[in-house]
Amino acid sequence: MTDAPFDPSEHFDESLVARYDRRIRRFCPSYDALHRMIAPWLRNVPEDATFLSVGCGAGAEMITLGSEFSSWRFVGVDVSADMLAVCERKLAEAGLTSRAQLFEGRLQDYAAPAPFDAASSIFVAHFIKSRDEKLSYLRAVANRLKPNGIFVLADLFGDKSAPEFERLSEAWRRSYASNDVGMAELARDRAHIERDVDFLPEAELVALLSEAGFESVTRFYQTFLFGGWIATNRRRG
Ligand SMILES: C[S@@+](CC[C@H](N)C(=O)[O-])C[C@H]1O[C@@H](n2cnc3c(N)ncnc32)[C@H](O)[C@@H]1O
């Protein structure tokens, strides 16, 4: 085993992409609810809004919001060509092709033609290991938003030294195992989480968001160790 940094794109080759929809709902039993819970926070966004889905994966955010907000336009950014290929198919099935564009690469390398009204990063940033890199990623989101633009962040989080962390982990493992997952798969997934996820206590996450340029950070969602926050870009127009 090497100490090479976790590369999310390696985790989404063709066969894993095919399994992603099933696996993500085992990991996060309220995955669909999380995506549905985003829309109410975006009601004041203009009717002709543009939305940036960072680490769009198979397009869940764009597809849910695209059916809710019929005149919004979307950009999905992802480092994984395999995920983007699936995303493109799913956008077409949802009738969203004409309202969505995809960019293959890191968010930090995406040159946005104009700032966005709102953005999401769902289950992406927890894989970024160093504080500096997390900060540069969150700044890259803030820099691509309009003043007062809305940011939806969802990630695994928690203070590993707190007793609550172990209680939530244990309940989460039981929930996952209840899906008839075999012992080998359980062990593999547990090792993946322990090796690849950088859990931050909520206070540190909020401090990072603030340093990156966000304010009014509000947790709107939690399932086991998955959390979701809404934040506003501090820059004024
Ligand atoms: C766990 S998936 C989440 C996909 C989707 N947001 C969802 O909720 O199902 C994380 C995605 O983030 C992408 N990713 C990781 N780091 C990225 C970065 N810096 N810029 C763009 N995409 C990134 C990965 O390729 C992967 O497809």
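Model, not experiment: these values are computed from the prediction.

**Q** Help me understand the site of the ligand, please; the structure alone is not making it clear to me.
**A** If you check the shell around the ligand, you find 22 residues, and the closest are Tyr20, Tyr31, Gly55, Asp78 and Leu107. The separation between an oxygen atom of the ligand and a polar side-chain atom of tyrosine 31 is 2.4 Å. Within the side chain of aspartate 78, one N or O atom sits 2.6 Å away from an oxygen atom of the ligand. Burial of the ligand by the protein chains amounts to 96% of its free accessible area of 610 Å². Broken down by secondary-structure element, the contributors of at least two residues to the shell around the ligand are helix H2 (31–36) and strand E2 (73–78).

**Q** Explanation requested: the packing of helix H6 (residues 163–177) against helix H7 (residues 183–196) in the structure shown.
**A** Each pair of packed helices can be summarised by the angle the axes make with each other and by the distance between the axes. The interhelical angle for the contact between H6 and H7, taken along N-to-C directions, is 140 degrees, at an axis separation of 11 Å. Our classification of the angle between H6 and H7 gives oblique. Classified by chirality, the crossing of H7 by H6 is right-handed. From H6, Trp172, Arg173, Tyr176 and Ala177 reach across to H7, where they touch Glu185, Leu186, Asp189, Arg190 and Ile193. Taken together, the residues of the contact of H6 with H7 break down into five nonpolar, no polar and four charged.

**Q** Even after reading the chapter, I still don't get the side chain of asparagine 233, so can you show me in this structure?
**A** Take asparagine 233: it is sitting in strand E7 (residues 226–233). In this structure the side chain of asparagine 233 is engaged in a polar contact, spanning 3.1 Å, whose partner is the backbone oxygen of lysine 146. Among all residues touching asparagine 233, those that are not within four sequence positions of it are Ala142, Leu145, Lys146, Pro147, Asn148, Gly149, Gly213 and Phe214.

**Q** Please clarify how the UniProt feature "domain: Polyketide synthase-like methyltransferase" (unreviewed entry) in the chain should be interpreted in this entry.
**A** Taking the UniProt record as the reference, the feature "domain: Polyketide synthase-like methyltransferase" (unreviewed entry) is found at residues 34–236. The distance from the first to the last C-alpha atom of residues 34–236 is 29 Å, and the span holds 38% helix and 26% strand.

**Q** Could you clarify how one ought to interpret the packing of helix H5 (residues 131–143) against helix H8 (residues 202–212) in this entry?
**A** Axis separation between H5 and H8 bottoms out at 8 Å; the angle between their running directions is 50 degrees. On the basis of their axis angle, the class for H5 and H8 is oblique. Handedness of the crossing formed by H5 with H8: right-handed. On the side of H5, the interface is formed by Arg131, Lys134, Leu135, Leu138, Arg139 and Ala142, while H8 contributes Leu208, Leu209, Glu211 and Ala212.

**Q** It is not clear to me how the layout of surface pockets should be interpreted in this structure. Could you clarify?
**A** Estimates place the volume of the second largest pocket at around 340 Å³. Residue lining of the second largest pocket: 18 residues in total, with Trp172, Arg173, Arg190, Ile193 and Glu194 positioned closest to the centre. When contributions to the lining of the second largest pocket are tallied by element, the ones reaching two or more residues are H6 and H7.

**Q** Is there a simple way to explain the packing of aromatic side chains in this structure?
**A** For any two aromatic rings, the description comes down to two numbers: the centre-to-centre distance and the angle of the planes. Taken as a whole and assessed by the stated rule, the structure comprises 16 aromatic pairs. Between the aromatic rings of phenylalanine 27 and tyrosine 176, the centroid separation amounts to 4.8 Å while the plane-to-plane angle is 5 degrees, which identifies the pairing as stacked. Here phenylalanine 27, found in helix H1 (residues 14–27), pairs with tyrosine 176, found in helix H6; they are 149 residues apart in sequence, far enough to count as distant. The exposure classification of phenylalanine 27 matches that of tyrosine 176, with both residues buried. Relative to phenylalanine 199, the ring of phenylalanine 165 has its centre 5.0 Å away and its plane inclined at 90 degrees; by these criteria the two rings are edge-to-face. Here phenylalanine 165, found in helix H6, pairs with phenylalanine 199, found in the loop between H7 and H8; they are 34 residues apart in sequence, far enough to count as distant. Across the pair, phenylalanine 199 and phenylalanine 165 agree in class, each one buried.

**Q** Whenever I open this one, the pairing of strand E6 (residues 214–223) confuses me. Can you help?
**A** One face of the sheet, then the other: side chains in a regular strand alternate in exactly this way. Relative to E7, E6 runs antiparallel, the two sharing seven bridges. Within E7, the residue paired with glutamate 215 across the bridge is threonine 232. Connecting the antiparallel pair E6 and E7 is a turn made up of two residues, with phenylalanine 224 showing a positive phi of about 50 degrees.

Calculation rules
Residues numbered from 1 in each chain as written. Predicted model: local features only at pLDDT ≥ 70, side-chain atom pairs only at ≥ 80, totals over all residues. Heavy atoms only, no water. Near = heavy atom within 4 Å. Polar contact = N/O pair within 3.5 Å; in protein donor to acceptor, adjacent residues only side chain to side chain. Areas by Shrake-Rupley, 256 points an atom, 1.4 Å probe, with all protein chains shown as cover. Helix = DSSP H or I, 4+ residues; strand = E, 2+ residues; numbered from the N terminus. Axes fitted to C-alpha atoms, helices over the stretch in contact; angles between N-to-C directions. Parallel < 35°, antiparallel > 145°, perpendicular 65-115°, else oblique. Left-handed = near helix turned anticlockwise from the far one by under 90°. Contact = heavy atoms within 4.5 Å. Nonpolar A, V, L, I, M, F, W, Y, C, P; charged D, E, K, R; others polar. UniProt positions renumbered as here; feature names shortened; annotations may be inferred. 1 Å grid on protein atoms, 1.4 Å probe; cavity = no way out; pocket = protein on both sides within 12 Å on 5 of 7 lines; lining within 4 Å. Points joined across faces, edges and corners; volume = space filled by probe spheres on them. Phe/Tyr/Trp six-rings, centres within 6.5 Å; stacked < 30°, edge-to-face > 60°. Buried < 20%, exposed > 50% of the residue type's maximum accessible area, 1.4 Å probe, protein only. Pairing = 2+ DSSP bridges.

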